[in-house]
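Listed here are the chains, written in short residue letters.
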Amino acid sequence: MRKRARGAIERPTYLLESVDNALRLLQMLRDGGAVRLTEAAEELGVAPSTAHRLLAMLVYRGFAVQDEKRTYLPGPALRAGPAERGWTREFTDVCLPHLEALSTVCGETVNLVIRVGTGVRFLTSVESTAMLRVGDRRGQVLPAERTAGGRALLAELDDEVVERLYADRSAGQRAELLTELAAVREVGFGLNVEHTEEGVAAFGAVVRNRLGRAVGAVTVAVPIVRYQRHARGDLVRQLFRTADEISVDLDGRFDSLEP
């Protein structure tokens, strides 16, 4: 009998083919930098429709994005480092009852996000019970400048810091972003109207520690058909109140976090 080399990884006895194919696609994105649908189907030995469903899930979870030529590229979730699990778990536990209460009051899906570089990571979601609703975003990583919570968190930074974060963008793109963030500071909350997903809008407000530094953000995601109603109604006030109540409950636990 041939002995297995020390440190070698055995193929699992019960291989989950769909999971294995999704992981192989992640490896292709990581190592090749770009994948076309036909290439993915050929590499996996599956029908293009199957490859498309797998890639669509990677896009949904932020592990892939599509360019204008419909080529799949590595998404923000592949580039994001791990969150510091110790404090994010405690932060989520403190926030969750407030998120649940806000979802009940406004009838929409509520999320908790933190900024990781130029991305935002969704720590948890409380999904609405409405028939037409925005789904659970837990675990997703999206570009900060395109999300309501990310915009609110970026607006907390000095312009010089934002310039450094987006040094790879053109001067015109950076100037446009700084103008948008100035507007966020003026109104006090971030807004996303179909920037990340067609048919979805979101409002976001920062949660601060006792020193006034932003720790994360609470966002409310709404179907676009209900956006105007919420924009004219009490949602923003409810969002601010929730963020303030969370800040009180933090009680100095995250004062040592760097902005």
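As a starting point, this report considers the structure included with it.

Procedures and definitions
- Residues numbered from 1 in each chain as written.
- Predicted model: local features only at pLDDT ≥ 70, side-chain atom pairs only at ≥ 80, totals over all residues.
- Heavy atoms only, no water.
- Helix = DSSP H or I, 4+ residues; strand = E, 2+ residues; numbered from the N terminus.
- Buried < 20%, exposed > 50% of the residue type's maximum accessible area, 1.4 Å probe, protein only.
- Areas by Shrake-Rupley, 256 points an atom, 1.4 Å probe, with all protein chains shown as cover.
- Expected span 1.5 Å × (residues − 1).
- Arc of directions from axis to C-beta.
- Phe/Tyr/Trp six-rings, centres within 6.5 Å; stacked < 30°, edge-to-face > 60°.
- Pairing = 2+ DSSP bridges.
- Axes fitted to C-alpha atoms, helices over the stretch in contact; angles between N-to-C directions.
- Contact = heavy atoms within 4.5 Å.
- Salt bridge = Lys/Arg side-chain N within 4 Å of Asp/Glu carboxyl O.

A separate point is the overall build of the protein. Counting its secondary structure elements, the protein contains ten helices and eight strands. Every one of the 259 residues in the protein was classed for burial, and the buried ones make up 42%. Total accessible area computed for the protein in this model is approximately 14800 Å², and 51% of it derives from carbon and sulfur atoms.

In a regular helix each residue adds 1.5 Å, so 16 residues correspond to 22 Å; helix α10 (residues 235-250) covers 23 Å between its end C-alpha atoms and thus fits that length. Looking at α10, one finds that the buried residues are Leu235, Val236, Gln238, Leu239, Thr242, Ala243, Ile246 and Leu250. Angularly, the buried residues of α10 cover 160 degrees about the axis, an arc narrow enough to put them on a single face. Residues of α10 that are exposed and angled more than 90 degrees away from the buried face: Asp244 and Val248. Asp251, located one to two residues past α10, shows a positive phi value of around 50 degrees.

Let us now look at the packing of aromatic side chains. If you walk through the whole model with that rule in mind, you get four aromatic pairs. A centroid spacing of 6.4 Å and a plane angle of 40 degrees characterise the contact between Phe189 and Phe203, whose relative ring orientation is tilted. With a gap of 14 residues between them, Phe189 in the loop between α8 (171-187) and β6 (190-193) and Phe203 in strand β7 (residues 200-208) connect regions that are remote in the sequence. Phe189 gets classed as buried once you look at its relative accessible area, which sits at 18%. For the ring pair Phe203 and Tyr227, a centre distance of 5.8 Å and an interplane angle of 25 degrees mean the geometry is stacked. Of this pair, Phe203 sits in strand β7 while Tyr227 sits in helix α9 (residues 227-232), and the two are 24 residues apart along the sequence.

A few words now on the sheet that holds β7. Strand pairing in a sheet relies on backbone hydrogen bonds, with the paired strands running either antiparallel or parallel. Taken together, six strands build an open sheet; the order of strands is β5-β4-β3-β8-β7-β6 and the sheet is antiparallel. Every interior strand has two partners, whereas the edge strands, β5 (141-143) and β6, have only one. Each strand axis lies, on average, 30 degrees off the axis of its neighbour in the sheet, ignoring direction. Relative to β5, strand β4 (residues 119-126) is paired through three bridges, and the arrangement is antiparallel. By the bridge assignment for β5, Val120 is matched with Leu142. Contacting β7 and β8 (214-223), α10 runs over the sheet at an angle of about 30 degrees to β7.

This next bit is on the pattern of salt bridges. It is possible for side chains of opposite charge to pair when their charged atoms get near one another. Going through the model one piece at a time under the given rule, you end up with twelve salt bridges. Its salt-bridge partner being Glu127, residue Arg133 comes within 2.8 Å of it at the nearest N-O pair. The exposure class assigned to Glu127 is partly exposed, which follows from its relative accessible area of 33%. In this structure, Asp234 and Arg237 form a salt bridge, with 3.4 Å as the shortest nitrogen-oxygen distance. The exposure class of Arg237 is partly exposed, given its relative accessible area of 44%.

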